[in-house]
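The residues making up each chain are set out below.
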Amino acid sequence: MGTALLYDEEMTKYKLLWVDPACKIEVPERLTVSYEALVRSGLSDRCISVPAREASDSEILLVHSEAYLEAVKKTPYMTLEDLKEFTLQFGDVYFHPNIYHCAKLASGSALQLVDSVMTGKVRNGIALVRPPGHHSMHGAANGFCVFNNVAIAARYAKQKYGVKRVLIVDWDIHHGQGVQYCFEDDPSVLYFSWHRYEHQNFWPNLRESDYDSVGKESGTGFNVNVPWNKVGMENSDYLSVFCHVLLPVAYEFCPDLVLVCAGFDSAIGDPEGEMCATPDIFAHLTHLLMNLAGGKLCAVLEGGYNLTSLAQSVCQTVQTLLGDPLPQLANLRGPCKSAIESLQCARSAHRRYWSFLKHAADPPMTDISTKHIKSTMEEEEKREMAEEERCTEGKVWPEPPERLCPPVCSGSVLPDDVACPDGLKRLSSSKDLEPLLVSKLKNRSRTAAVDGDGVTTFSRLYTLIEKLVANEIRNGLVLVPDVTAAMCVVQDLTSDLVKRVLVVCVGKEKELDYVTTDGKVLVVQISSEDNEEQRSKYYIPVCLKKGCSDTSGFIQAVFGLLLPLGYEYNPDLVLLVRMPGSGVVDSMWQQLIGLLQGFAKGHTLVLMQVNEKASMGSTASALLGHPAPPLQELQTPFPEDGDALERLRERLQADWKMLQTTS
Ligand SMILES: NCCCNCCCCCC(O)(O)C(F)(F)F
Ligand SMILES: [Zn+2]
């Protein structure tokens, strides 16, 4: 299934008609540069174009009051003076004779997107709209927003399609208070937002934007705020919050639909955000959400005022929605101190509501929400001083790397008597291995696996790895008689082909003579074995008391440890080994394959034993990029596992900064 793209140039036909410094950044060019970048890059042609439409009164009334709608209806007939007068009652927003029409198109576009996804016409999609929506409230316009496009879409999805749970992820740099107010008492809509806050010194300067606004009444726990109390946040900070706050909660919530308030003012160069995360981060943020809700994801444009980073960020998002390989993120050096404080506060505020956060540490000593009183003056001084060096006009960043789709998506190396799963390309052509390599294999591998057909298997395996490295194939599935022997062989085969291999070992392993100290290989093993004493910087055993069949424990290890490590290690190849008898649940296995595609440009090599070939179909499906089925309701992870993971993280965070969640 494809990706929907909604855009209508009518929504460029309104603008600010008078002087207002607060609103001058919200210009029609925001939409045109975004759309034109998609056209120029050829991405728009790869999308399914869906027409915009006007939202009806009843749809708008899902969120807004009749009084407010009636008032906005009058604006097309107002004089310039009346429009100025009308605008004065709201904050940081402007009206225009055509903005009511555009606001209906913006909301209607979001609804068209929901229809396209919910009817299965497309898998996911994006709506490029203005005016934005996430600040507008039941009876008021605010922050460039007239109707709350995403809030209306959430209510619409529930009403028309009986959607039970909607996740709204707001990665815009401003707090979408309009969305928060709409759903704060509603447990069927989980709202997550990060936003520039600076201890309430940043617009919209609301006390309720802080991390301790967790929702109210039956919605308690279903509102997650992560305030950024400093500017200059980077890719590491964003990924840490996704791994350590949003994703565990999102997976436990298990949504039927994901809506994204896709604002790109959180990107580098934006005058509002003043952050330093690069446009390619949105490729990963999008990817990390794409295995939720069976892949049903609707992104709706909110903010974004640097026309260069906006256009690049939109392209990065669309390319991921289309399933293209992800760019490698270089030198992630872990969250900064302020981000760790925010992260720790958000986790501790929610630990009583979400079992995956249950073992979160106490809030930091300096409770940051009260800090803003005494810090206002010193912050003010610092802000004045730092102004010049932080000026966003000076910011430069590299053009996001090209994300080329290999001609073949998935290759396979299988015993001759095993049928190749649909969609996979069987590697039969195998060049003979250099004799030197054969002898190396012979003395390396412990079993007779390198006998006649063994050599054939390994020469095909070598060919597959060469093609992965050459980006001729994206990923691959290998079935062997003995995965343990094969693991060692793969290490030999890859040692001169790639710089860093991330080995994810699912299930227990007799003895793993696989560990290196030079960092060329990082092994993360998830099993029921407690190999604590063997642990080192590059060999990290994660013990699940109940083994890999405990999906709750497994998913907690993936988000709490495996993903942050993987991002920091930044491998060129991922070797995913499924040990026989691991007991891992198929949906979890597919989720894992999906998530690991975020590393190494998707170059994942799955190694399985022939007697596990029953799982080949689901493995192939995940490798081909089909969204993983949702994990069924996850029960609370076992306390000892949660505790052990927390302790393991604390011990490892000296070596691996991305594991830090406590200051
Ligand atoms: N320095 C000028 C002050 C601007 N204060 C208002 C900012 C509004 C932000 C709107 C947005 O970006 O959140 C949306 F997504 F809604 F467009
Ligand atoms: Zn914004």
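From a predicted model like this one, the values you see are computed outputs, not experimental measurements.

**Points about the sheet that holds strand S9 (residues 408-413)**
Spatial strand order, S10-S9-S11-S16-S15-S12-S13-S14: eight strands in an open sheet with parallel pairing. On the outer flanks of this sheet lie strand S10 (425-426) and strand S14 (539-543), each paired with one strand and no other. Along the sheet, helix H17 (residues 551-569) makes contact with strand S12 (501-506), strand S13 (521-527) and S14, crossing S13 at roughly 180 degrees. The strands touched by helix H18 (residues 586-596) within the sheet are S12, strand S15 (573-578) and strand S16 (604-609), with S15 carrying the most contacts at an inclination of about 170 degrees.

**Side note on the coordination of the zinc ion (ligand 2)**
Every protein donor of the zinc ion (ligand 2) is accounted for by Asp172 (OD), Asp172 (OD), His174 (ND1) and Asp265 (OD), and the metal-donor separations fall at 2.0 to 2.6 Å. Viewed at the metal, the six donor atoms of the zinc ion (ligand 2) are separated by angles of 55 to 157 degrees, and the geometry they form is irregular. Each donor residue of the zinc ion (ligand 2) lies on the same chain, and together they follow the pattern D-x1-H-x90-D. Taken together, the residues aspartate 172 in the loop between strand S4 (166-170) and helix H8 (177-183) and aspartate 265 in the loop between strand S7 (257-262) and helix H10 (281-289) connect sequence positions 93 residues apart. Aspartate 172 sits in the buried class, given a relative accessible area of 1%. Of the residues examined, aspartate 265 reaches a relative accessible area of 0% and is grouped as buried.

**Description of the packing of aromatic side chains**
Per the stated rule, a full pass over the model turns up 27 aromatic pairs. Taken together, a centroid distance of 6.0 Å and an interplanar angle of 45 degrees make the contact between tyrosine 14 and tyrosine 94 tilted. With tyrosine 14 in the loop between strand S1 (3-6) and helix H1 (29-40) and tyrosine 94 in the loop between helix H5 (80-88) and helix H6 (99-118), this pair connects stretches of sequence that are 80 residues apart. Residues tyrosine 14 and tyrosine 94 agree in their burial class; the two are buried. Ring geometry for phenylalanine 86 versus phenylalanine 90: centroids 5.5 Å apart, planes at 75 degrees, classification edge-to-face. Phenylalanine 90 carries the same exposure label as phenylalanine 86, and that label is buried. For arginine 130, the ring lying beneath its charged end belongs to tyrosine 14, and the centroid distance is 3.8 Å.

**Description of the domain arrangement of the protein**
Interface size, as often reported, equals the accessible area lost upon joining of the parts. Per the domain assignment, the segments making up the protein are domain 1 (3-326 + 334-389) and domain 2 (475-657). When each unit is reduced to the centre of its C-alpha atoms, the spacing between domain 1 and domain 2 is 33 Å. Contacts between the two partners involve 25 residues from domain 1, matched on the other side by 29 residues from domain 2. Taken over both partners, the interface formed by domain 1 and domain 2 buries close to 2400 Å², and the fraction arising from carbon and sulfur atoms is 62%.

**Describing H1**
In this model H1 runs 16 Å from its N-terminal to its C-terminal C-alpha over twelve residues, within 8% of the 16 Å that 1.5 Å per residue would give. When H1 is considered as a whole, its buried residues turn out to be Arg30, Leu31, Ser34, Ala37 and Leu38. On an axial view of H1, the arc spanned by its buried residues comes to 140 degrees, and they lie on one face. Elements that come into contact with the buried residues of H1 comprise S1, helix H2 (43-46), strand S8 (297-301) and helix H11 (307-321). Backbone geometry just downstream of H1 places glycine 42 in the positive-phi region, at approximately 80 degrees.

Reading the values: rules and limits
Residues numbered from 1 in each chain as written. Chains lettered and ligands numbered in written order. Predicted model: local features only at pLDDT ≥ 70, side-chain atom pairs only at ≥ 80, totals over all residues. Heavy atoms only, no water. Pairing = 2+ DSSP bridges. Helix = DSSP H or I, 4+ residues; strand = E, 2+ residues; numbered from the N terminus. Contact = heavy atoms within 4.5 Å. Axes fitted to C-alpha atoms, helices over the stretch in contact; angles between N-to-C directions. Donors = N, O, S within 2.8 Å, 3.2 Å for Na, K, Ca; no water. Tetrahedral: all angles 85-135°; square planar, octahedral: opposite > 155°, others 65-115°. Buried < 20%, exposed > 50% of the residue type's maximum accessible area, 1.4 Å probe, protein only. Phe/Tyr/Trp six-rings, centres within 6.5 Å; stacked < 30°, edge-to-face > 60°. Lys NZ or Arg CZ within 6 Å of the ring centre and 35° of its normal. Domains from an automatic or database assignment. Buried area = accessible area lost by both parts, 1.4 Å probe. Expected span 1.5 Å × (residues − 1). Arc of directions from axis to C-beta.

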